[in-house]
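# Understanding the architecture of this molecule
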Amino acid sequence: ANGRRLPVVGYIYERMSTVLLERNQTDDAAICAQKAIEMCRVWGNADALVNSCYSLARVHLAQGEAENAMTAIQEVSHLIPSLGVWYTLMASAFEAQIQLLRGDTTAAARWVEQAGLYLEDETTTENSYVTLTLAGLLKAQQRYGEALALLGRLLECAQESGGDGITIRALARQAAALQLAGESGPALDALARALLKAAPEGYVRTFLDEGEPMRALLRQALERDISPAYAGRLLAAFGNQQPLTKTAAAADRQDHLADPLSQRELDVLRLLNTHLSSTEIADELCVAPSTVRSHIKNIYSKLDVHRRAEAVVRAEQLNLLQAGDLHPHDLPPTGEQPAARAR
């Protein structure tokens, strides 16, 4: 009216922000999210305002600004309870995602207990964000088998319902988990499927959010001529990225080492900072004990130490260990009741 936009247009700006963010146009996505928030405040629609604030928070995360992301969602936290259980669960999952990107798996795991989640819970496309976040936590804890089982169930649901967006995100996370588990062949197969589905819509952010394992897979995809044009564009997008995960950040902090640690050696190194024996570490990583012993030998050599305790001290000096890296047992396995379940 009178040449001014109707407040309901805020919903359109929120959707535009989501699309622009997936294309990794973060500055434009932030502008649209801000406009959406302004117009939704005028509109007075609580769920549209919450969605708009979360769109802005997702942009902040993509820009590596976890604190700003948390601030954006805290501004509408008082509205969440009135919107129902679904919004409450999504909100808590988003906060867990922020903790994961900070590298605090312990804080993220508390979300699982507080939300009353179990690995055997029914998987649905409606709760796909929760499932993907839970799979991300399992992956961060090196519980790759459980993460892959969860993602497999989500993929079945998405394929039955025709949800291409969910399928693409699940395949990308599956590919990253398989890569971390040392299953390069299946990882490339999952990536090839994801690229085939994602290319027509130009997905970018979904792949960038998987961090260093995805970057490594995309390099392999180029070498094997798997969607080379698209894989090349995604690799170029990685070029301007801040490290999204603790693993990527740790890799960047060992540039001064004459021989940097590999991804698998970093996995073993973090588990050396626990009570686990080398045999138990092998069980956690699903490899032979002899393989772990070989990794430990390489770690000692690269860090110029001779004992496990010395390796941990040296790793702390290099800032390769974080508070959330203690061990991968924060999440109850299938069938085990957490200490306190939210009712």
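Given the structure is predicted, the values throughout are model-derived calculations rather than measurements.

How each quantity is defined
- Residues numbered from 1 in each chain as written.
- Predicted model: local features only at pLDDT ≥ 70, side-chain atom pairs only at ≥ 80, totals over all residues.
- Heavy atoms only, no water.
- Core = buried A, V, L, I, M, F, W, Y, C linked by side-chain atoms within 4.5 Å.
- Buried < 20%, exposed > 50% of the residue type's maximum accessible area, 1.4 Å probe, protein only.
- Helix = DSSP H or I, 4+ residues; strand = E, 2+ residues; numbered from the N terminus.
- Contact = heavy atoms within 4.5 Å.
- Axes fitted to C-alpha atoms, helices over the stretch in contact; angles between N-to-C directions.
- Parallel < 35°, antiparallel > 145°, perpendicular 65-115°, else oblique.
- Nonpolar A, V, L, I, M, F, W, Y, C, P; charged D, E, K, R; others polar.

## Section: the nonpolar core
In terms of nonpolar packing, the biggest core is built from 54 residues, with W111, L191, L195, F207, M214 and L218 touching the most fellow members. Among the elements that take part in this core, helix α10 (residues 164–180) stands out by supplying eight residues, more than any other. Sequence-distant contacts of L191, that is, excluding residues within four places in its chain, are made with A175, F207, M214, L217, L218 and A221. Formed by 23 residues, the second largest nonpolar core is a distinct cluster that contains C40, L49, L61 and A91.

## Some remarks on the packing of α10 against helix α13 (residues 211–223)
Contact pair α10 / α13: the axes reach a minimum separation of 9 Å and the direction vectors enclose 90 degrees. One way to sum up the angle between α10 and α13 is to call them roughly perpendicular. On the side of α10, the interface is formed by A172, A175, A176, Q179 and L180, while α13 contributes P213, M214, A216, L217 and Q220. Partitioning the contact of α10 with α13 into residue classes produces eight nonpolar, two polar and no charged.

## Some words on unusual backbone geometry
Phi is positive for Q142, close to 60 degrees, though the residue is something other than glycine. Relative to the assigned elements, Q142 resides in the loop between α8 (128–140) and α9 (144–161). One non-glycine residue, D304, lies in the positive phi region at around 60 degrees. Within the fold, D304 resides in the loop between α18 (289–303) and α19 (308–317).

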